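This is what each chain is made of:
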Amino acid sequence: MDVVSNLKEIQENIKLACEKSNRKIDEITVIGVTKYVTIERAEETIDAGIKNLGENRNEGFIEKHEVIGKKATWHFIGTLQTRKVKDIIEKIDYLHSLDRLSLAKEVNKRSEKPVNCFVQVNVSGEESKHGLAPENVLDFIEEIKNYENIYVVGLMTMAPHIKDREKIKEVFKRLAKLRDQISQKNYSHAPCHYLSMGMSNDYDIAIEEGATHIRIGTKLVGN
Ligand SMILES: *Cc1c(COP(=O)(O)O)cnc(C)c1O
């Protein structure tokens, strides 16, 4: 399917989820996750009107960024190895996977300006998933308050890959609650207004629970 048709269907679902939860459509940023697809397909995504692109590996990101550059807003959504920070940090607009102090240190050192970061949280507690345990997030945010190049715009999570929509909903609810707790503190280095949650199979649930950034690969660009 072409990206335009896929996007139409996604926008219809976004509209329904917004109506159900009394939210405005323009509160939701759709990030087109292009990690599975070619540069041409990523360009098709931009032409369809999706200017926010997400990549999860350095190599894939650098390859696409070289061609597409500033035509897109770039979100790095994958686990970032500390030693590879320097290769990408000046080229990305958002980092969705800030999940440890050593990474924060390296980003702070290598970047010349504040980086918009989402702190990744492992809400579901699955061992296979990256991210801080929910109970450690507040301490982490306190610990990085003197890192002048880290600016925490929000929290990110991945729901477990299961069919039980109630369980998925609980994960998103918990992240939203944590976001509220942090944003209430009015930290100047961590306004933490955003919620990056929801993928191809669960973005409607995520929107109902407050997502501001949904990350869609398969259902938008295919795999
Ligand atoms: C791959 C990926 C996505 C997109 O997944 P789909 O199920 O294909 O929509 C979203 N977020 C992260 C962190 C990913 O790695």
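Only a predicted model underlies this, so the values are computations on that prediction, with no experimental measurement involved.

Reading the values: the criteria
- Residues numbered from 1 in each chain as written.
- Predicted model: local features only at pLDDT ≥ 70, side-chain atom pairs only at ≥ 80, totals over all residues.
- Heavy atoms only, no water.
- Helix = DSSP H or I, 4+ residues; strand = E, 2+ residues; numbered from the N terminus.
- Rg over C-alpha atoms; globule rule 2.2 N^0.38 Å.
- Buried < 20%, exposed > 50% of the residue type's maximum accessible area, 1.4 Å probe, protein only.
- Contact = heavy atoms within 4.5 Å.
- Areas by Shrake-Rupley, 256 points an atom, 1.4 Å probe, with all protein chains shown as cover.
- UniProt positions renumbered as here; feature names shortened; annotations may be inferred.
- Core = buried A, V, L, I, M, F, W, Y, C linked by side-chain atoms within 4.5 Å.
- Near = heavy atom within 4 Å.
- Polar contact = N/O pair within 3.5 Å; in protein donor to acceptor, adjacent residues only side chain to side chain.
- Axes fitted to C-alpha atoms, helices over the stretch in contact; angles between N-to-C directions.
- Parallel < 35°, antiparallel > 145°, perpendicular 65-115°, else oblique.
- Left-handed = near helix turned anticlockwise from the far one by under 90°.
- Phe/Tyr/Trp six-rings, centres within 6.5 Å; stacked < 30°, edge-to-face > 60°.

> Quick one: what's the story with the overall build of the protein, residue by residue and with numbers?
The helix and strand inventory of the protein stands at 9 helices and 8 strands. Taken against the 2.2 N^0.38 rule, which gives 17 Å for 223 residues, the C-alpha radius of gyration of the protein at 17 Å falls within 12% of a compact globule. Once the C-alpha set of the protein is aligned to its principal axes, its extents read approximately 45 × 40 × 30 Å. For the protein, the proportion of its 223 residues judged to be buried stands at 52%. Across the protein, the fraction of contacts at a sequence separation of at least 24, relative to all contacts at a separation of at least 6, is 55%. In the structure as shown, the protein presents an accessible area of about 11200 Å², 46% of it carried by carbon and sulfur atoms.

> A description of the UniProt feature "modified residue: N6-(pyridoxal phosphate)lysine" (unreviewed entry) in the protein should follow, citing residues and the corresponding values.
Under the UniProt annotation, the feature "modified residue: N6-(pyridoxal phosphate)lysine" (unreviewed entry) is placed at Lys-35. With respect to the secondary-structure elements, Lys-35 resides in the loop between strand E1 (29-33) and helix H2 (39-47). Not counting residues up to four positions away in its chain, the partners in contact with Lys-35 are Gly-54, Glu-55 and Asn-56.

> Report on the nonpolar core, specifying residues and quantitative values.
Within the largest apolar cluster, 65 residues are counted, with the highest numbers of intra-cluster contacts made by Leu-98 and Leu-155. By residue number, the principal contributor to this core is helix H7 (residues 165-183), which donates 7 residues. With residues near it in sequence (within four places) discarded, Leu-98 still touches Leu-103, Ala-104, Cys-117, Phe-118, Val-119, Gln-120, Phe-140, Ile-144 and Ile-150.

> Could you give me a rundown of the UniProt feature "domain: Alanine racemase N-terminal" (unreviewed entry) in the protein, with the residues and numbers involved?
The positions that UniProt labels "domain: Alanine racemase N-terminal" (unreviewed entry) are, in the present scheme, residues 6-222. In residues 6-222, helix accounts for 40% and strand for 18%; the two terminal C-alpha atoms are 9 Å from one another.

> Break down the environment of Ala-48 for me, with residues and values.
Among the secondary structure elements, Ala-48 is positioned in the loop between H2 and strand E2 (52-55). A sequence separation of 42 residues divides Ala-48 from Asn-6, and the C-alpha atoms of the two residues are 9.9 Å apart. Dropping the residues within four chain positions of it, Ala-48 is found in contact with Val-3, Val-4 and Leu-7.

> Talk me through the side chain of Asn-58; I want residue IDs and the actual numbers.
With respect to the element layout, Asn-58 can be found in helix H3 (residues 58-68). A relative accessible area of 6% places Asn-58 in the buried class. Apart from the residues within four sequence positions on either side, Asn-58 is in contact with Phe-76, Leu-80, Lys-84, Asp-87 and Ile-88.

> Tell me what's going on with the site of the ligand, and back it up with residues and numbers.
What surrounds the ligand is the set Val-33, Lys-35, Tyr-36, Ile-77, Met-156, Met-158, Met-199, Ser-200, Arg-215, Ile-216, Gly-217 and Thr-218. Interatomic distance of 2.5 Å between a side-chain N/O atom of Ser-200 and an oxygen atom of the ligand. The separation between an oxygen atom of the ligand and a polar main-chain atom of Gly-217 is 2.8 Å. Protein chains shield 92% of the accessible area of the ligand, which is 390 Å² for the free molecule.

> Please provide a residue-by-residue account of the packing of H2 against H3, values included.
For any two helices packed against each other, one specifies the crossing angle of their axes together with the interaxial distance. Remark: H2 packs on H3, axes separated minimally by 10 Å, with the N-to-C direction vectors making an angle of 55 degrees. Taken together, the axes of H2 and H3 lie oblique to each other. The handedness of the crossing between H2 and H3 is right-handed. Contact with H2, carried on its side by Ile-39, Ala-42, Glu-43 and Ile-46, involves Glu-63, Lys-64, Val-67 and Ile-68 of H3 and no other residues of that element.

> If you had to explain the packing of aromatic side chains to someone new, which residues and values would you point to?
Evaluated as defined, the whole model comprises 4 aromatic pairs. Pairing Tyr-94 with Phe-118 gives two aromatic rings, centres 6.3 Å apart and planes at 45 degrees, and the pair type is tilted. On the criterion of sequence distance, the pair formed by Tyr-94 in strand E4 (residues 94-98) and Phe-118 in strand E5 (residues 115-120) is long-range, its members being 24 residues apart. Side by side, Tyr-94 and Phe-118 carry an identical accessibility label, which is buried. Among the aromatic residues, those joined into a ring-pair cluster are Phe-61, Trp-74 and Phe-76.

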